[in-house]
Every structure is written in C-alpha cells, then in structure tokens.
Amino acid sequence: MWSYLKQHWLSNRCFDGYEAIVDAACKAWNRLCSKPELIQSITSRDWIGL
C-alpha cells in the first residue's frame, strides 16, 4: 500500500516541513481508503483463491 501511495499521490513533491508531509500522507491515505475496489485490486493475489 505504501508503494502505491508514494507512486500515485506522494511522489515528485517538495514539502515545507514535517506537518506538510503528515498532512499529505493522511490525505493520500484517506483518498485510498475511500476506494475499496482499488485496495482489493492492489492486495489481491491469484493464490488466495477468492
């Protein structure tokens, strides 16, 4: 999940400080959490058998 967040919402950015980093990470996390189908597609594996 962290790799996806970095690649899609947190890469190639400059932050003004720690609070800006935490704010951006929280926004990215909440954005991801609002898309359960995306989470399922990222985390599913053929060998799980679902």
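See the structure above.
Small disclaimer: the values here were computed from a predicted structure and weren't measured.

Undergrad: Just checking my understanding: could you explain helix H2 (residues 18-33) for this structure?
TA: In an α-helix, one turn spans 3.6 residues, which is why side chains three or four residues apart end up on the same side. Here H2 spans 22 Å end to end across 16 residues, near enough to the 22 Å set by a 1.5 Å rise per residue. Those residues of H2 that sit buried are Ala24, Ala28 and Leu32. Along the long axis of H2, the arc covered by the buried residues comes to 70°, so they all point the same way. Turned more than 90 degrees away from the buried face of H2, the exposed residues are Tyr18, Glu19, Lys27 and Asn30. Those residues of H2 hidden inside the fold are in contact with helix H1 (2-10) and helix H3 (36-43).

Undergrad: In this structure, what is going on with H1? I would like to understand it.
TA: Within H1, the full set of buried residues consists of Tyr4, Leu5, Trp9 and Leu10. Considered in projection along H1, the buried side chains sweep an arc of 145° and stay on one side of the axis. Note on H1: the residue one or two positions beyond its end, Asn12, has a positive phi of about 55°.

Cut-offs used in this document
Residues numbered from 1 in each chain as written. Predicted model: local features only at pLDDT ≥ 70, side-chain atom pairs only at ≥ 80, totals over all residues. Heavy atoms only, no water. Helix = DSSP H or I, 4+ residues; strand = E, 2+ residues; numbered from the N terminus. Expected span 1.5 Å × (residues − 1). Buried < 20%, exposed > 50% of the residue type's maximum accessible area, 1.4 Å probe, protein only. Arc of directions from axis to C-beta. Contact = heavy atoms within 4.5 Å.

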